[in-house]
Amino acid sequence: MNTNMTYLTDVAMITCVVQSGDADVIVKAARDAGATGVLVHQSRGVGIRERLGILGIAVDASKDVISVLVSSEQTDIVASNIFKAGQFDAPGRGFLYITPLEKVATYIPETVKETLRNKDSVQEKS
Amino acid sequence: MSDSYRFGNYQRALGHGDAEFSFNALNPKLEWDSHGHLIPYQPPRIDLTPREIFKLLSPYVSVRFMEQVKSVIPLGLYLALFQILILRQLVQDSWMIMSGLFAVIVGLMFFMEGLKLGLMPFGTIIGKRLPEKSPLPLVLVITLLLGIGVTFAEPAIGALKVAGQNVVVEKAAYLYALLNDWSEALVLVIGFSVGLAAVIGTLRFLYGWSLKPFIYGSLAPVLALTVYGASDPDLTTVLGLAWDAGAVTTGPVTVPLVLALGIGIATAAGKGDSGLSGFGIVTMASLFPVIGVLILAFYIASTVTPAEIIAAAHHASGAVQAVTPAWYERSPGMEIVLGVRAILPLVLFLFVVLRFILNDSLPNKGEILYGIGLTIIGMCVFNLGLTYGLSQLGGTVGSLVPAAFMSLSGVPISPIYVYSVGLILSLAFAWGLGFGATVAEPALNALGTTAENLTNGVFKKKTLIMAVSLGVGVGIATGLAKLIFDLPLVWLILVGYLLAFVLTIFSSEAFVNVAWDSAGVTTGPITVPLVLAMGLGFGNATHAVEGFGILSMASIGPILTVLMTGLWADYKAKAQARAALEAKVGSRFQEVQGIV
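Residues numbered from 1 in each chain as written. Chains lettered and ligands numbered in written order. Predicted model: local features only at pLDDT ≥ 70, side-chain atom pairs only at ≥ 80, totals over all residues.

Enquirer: Would you mind showing me how to read the overall build of chain B here?
Expert: When you go through chain B residue by residue, the secondary structure sums to 22 helices and two strands. For chain B, the residues scored as buried account for 48% of the 596 residues in total. (Helix = DSSP H or I, 4+ residues; strand = E, 2+ residues; numbered from the N terminus. Buried ≥ 20, exposed ≤ 12 C-beta atoms within 10 Å, placed from the backbone.)

Enquirer: Help me understand the interface of chain B and chain A in this model?
Expert: It is common to give the size of an interface as the accessible area that goes away when the parts come together. Listed by partner, the interface residues are 19 residues for chain B and 14 residues for chain A. Of all elements in the fold, only α1 (7-14), α2 (50-86) and α14 (365-400) of chain B reach the threshold of two or more residues within the side of chain B that touches chain A. Broken down by element, the residue count for the side of chain B that touches chain A peaks at six residues, all from α2(B). Of the residues assigned to the side of chain B that touches chain A, the class counts are 10 nonpolar, three polar and six charged. (Contact = placed C-beta atoms within 7 Å. Nonpolar A, V, L, I, M, F, W, Y, C, P; charged D, E, K, R; others polar.)

Enquirer: Whenever I open this one, unusual backbone geometry confuses me. Can you help?
Expert: Backbone geometry follows two general trends: most residues other than glycine have a negative phi, and most peptide bonds adopt the trans configuration. Residues and elements named next belong to chain A. Here the phi dihedral of D10 falls at roughly 55°; this positive angle occurs in a residue that is not glycine. Residue position: D10 is located in the loop between β1 (7-8) and β2 (11-19). Here Q87, not a glycine, exhibits a phi torsion of approximately 50°, which is positive. Tracing the backbone through its elements, the reader meets Q87 in the loop between α3 (75-85) and β5 (94-101). Residue class for Q87 comes out partly exposed when judged on the 16 C-beta atoms lying within 10 Å of it.

Enquirer: Is there a simple way to think about the packing of helix α4 (residues 136-153) of chain B against helix α7 (residues 183-207) of chain B in this case?
Expert: When two helices pack together, their arrangement is captured by the angle between the axes and the distance separating the axes. All names here are of chain B. Interhelical geometry of α4 versus α7 gives an angle of 140° and a closest axis separation of 7 Å. One element, α4, and the other, α7, form an angle in the oblique class. Two packed elements cross with a definite hand, and for α4 against α7 that hand is right-handed. Where α4 approaches α7, its residues L140, T143, L144, L145, L146, G147, I148, T151 and F152 are matched on the opposing element by V187, L188, I190, G191, F192, V194, G195, L196, A197, A198, V199 and T202. In terms of residue class, the contact of α4 with α7 is made up of 15 nonpolar, six polar and no charged. (Axes fitted to C-alpha atoms, helices over the stretch in contact; angles between N-to-C directions. Parallel < 35°, antiparallel > 145°, perpendicular 65-115°, else oblique. Left-handed = near helix turned anticlockwise from the far one by under 90°.)

Enquirer: Hey, could you run me through the packing of helix α15 (residues 419-439) of chain B against helix α17 (residues 461-485) of chain B in this one?
Expert: All names here are of chain B. Direction vectors running N to C along α15 and α17 enclose 145°, while the axes themselves pass 7 Å from each other. Pair α15 / α17 crosses with right-handed handedness. Facing α15, whose interface residues are S426, L427, A430, W431, L433, G434, F435, T438 and V439, α17 presents I465, V468, S469, L470, V472, G473, V474, G475, I476, A477, L480 and A481. For the contact of α15 with α17, the residue count by class is 15 nonpolar, six polar and no charged.

Enquirer: What am I meant to see in the environment of G195(B) here?
Expert: Residue and element names in this part refer to chain B. Mapped onto the elements of the fold, G195 is located in helix α7. Given 25 C-beta atoms within 10 Å, G195 falls into the buried group. The spacing of G195 and E52 is 143 residues in sequence and 46 Å in space, taken between C-alpha atoms. Ignoring sequence-local partners within four residues, the contact set of G195 consists of T143, L144, L145, L146, G147 and I148.

Enquirer: What exactly am I supposed to notice about the nonpolar core here?
Expert: Inside soluble globular proteins, nonpolar side chains tend to come together where they are buried. Ranked by internal contacts, the top residues of the largest apolar core, which has 176 residues, are Y174(B), L178(B), A242(B), V293(B), A297(B) and I476(B). Among the elements that make up this core, the one with the highest residue count is helix α3 (residues 94-133) of chain B (17 residues). The residues touching L178(B), leaving out its near neighbours within four places in the chain, are L186(B), V238(B), L241(B), A297(B) and I300(B). Within the second largest apolar cluster, 17 residues are counted, among which are I26(A), A29(A), V68(A) and F83(A). (Core = buried A, V, L, I, M, F, W, Y, C linked by C-beta atoms within 7 Å.)

Enquirer: What's the story with the environment of M379(B) in this structure? I'm lost.
Expert: All names here are of chain B. Within the element layout of this structure, M379 appears in helix α14. Through-space distance from the C-alpha of M379 to that of I190 is 20 Å; in sequence the pair is 189 residues apart. Discounting chain neighbours no more than four positions away, the residues touching M379 are F111, P155, G339, A342 and I343.

Below, the structure written as structure tokens:
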């Protein structure tokens, strides 16, 4: 059994915080822009509601937090697609942040590994 | 040699016109006191421009608005189209009905949001804290009182009172007396029954009792009282109301608030939320009021005679014509007074429990007060919409439907169709109304999800929704047939519930819970007034004695269909499992398939 780990590098994580129930829109936007998979968790946010006074009721305290792993090159495209779909340019709709990740490890199918190796060798030759 | 650039770098360089600022520019100014302790930082209020406020509020409002539009408009359209296309009658006062329906939408929107912000936090806090601090008997007394309070706050209860104005006193004296002279006592009795159901339901999931004995135990007196009532010709008229009362009680206020308290008690006792625990209260809350209302009717019957009621009613109607009623007894004022009176006692009661029994204060007071305000405004607007929109629409359609098969004085071209065709059209209309209103009910969707989890996927959500909707459709059609042919309600109920009784014996506990609760879930704040008004209008047009009973048919319908579907699904799962065992090929895989 091969116990060697295969790492993927140049990975970034986009984390979006939106009002509870808006996750589906974000997930679709992320996947439309090429993100492979997303993670959704429920959470409770504190901050903007308290500062908006009576208008705060328009912002749901419970949030959906969506984590998307993308390659560093995809980051901007996915982020801007999410930003547009989530209407983050309107107040109270949510925000996103991007974190560079050092490396990621998981199972990588043999066929994918094969193409990766070929690509590397092509690059080395040139 | 051509240069190659990373596309990502190229995009970043272009930047879409993005701007970057340092977050450090937004650092708060912290201060320390003389001892060097940090003074807690108070962030300033955010001031928004009107444009930003609009952007903030518009998604908030539109989501909630559309939620109600989705449940009101299709039904309204269905009724209007049926009237125009099949009955070939123009909708009278269409503008008033339209604005009434709009009021229903806006009212429900406010009401539901207010419920979520204002009343639910109360229920949750009390449900969590009360069982920890108080002995069980006190908790149960409070549960009982809460049951009464939530019944008054239930929006559909107003529909019963509206319906009472259309009852002809000479034909159904006791029914008239119940809905007019005794209407407060009626709601109180219904509320008390709901409270009792909540107490027993709470005890049930505290001790993990099975629901079956409770169904048997409450069905016996209910059916006995019904049969006794049916033996007296004066009291027969009350039966329909009594059975419909059960359907009215289980609406958007009662179910969540009572459940919050019940689950809180169970959790405090270490009995956790076992999945099944939420069930049963709805079942009993729709059976107990039948007993309560019937007993009240018997009491009235023992104190006054029909002749006295009729005389009093004539006297009262004479007096009303003489003086114009005060502003709070006339239409717009009355609805507002009713709305305030429905919500405030409940809120005060919850507040007293919280303040004096729990010695607790409200978290974020402003929001809860705002929520309560919204609930009251919503209730008032909803009541207005009920009078001018739902009741009006249901009443006119109901009074016109008979024109399809019999001649009506108000409709010159009636009968529009041959008797049999018109009859079939009318029944199909009733079926469609019940089916359509139920499929869209959000509460049913939630029940479907629970049922699917509970039965490990044997009972698909879709199957449940279809079964319940079919049941309600058939039930409403049966109810209409009852009015047309003047069938005795007692036999329909007796046969229906005895059948349900037998099916219950053979069904598993999970299905029993789901089936009996599905009856209560289907009767939301839109369906109830619409069906009640339609039945009464229909009854008046066909000169039936009273138009009640349709809702009770709509309750028994889904119980039967769900129980039968459950038995069938059980049978199918067992048969498949057996086949898989015999085949012994990939048995595990097939078993999984059999369950799915």
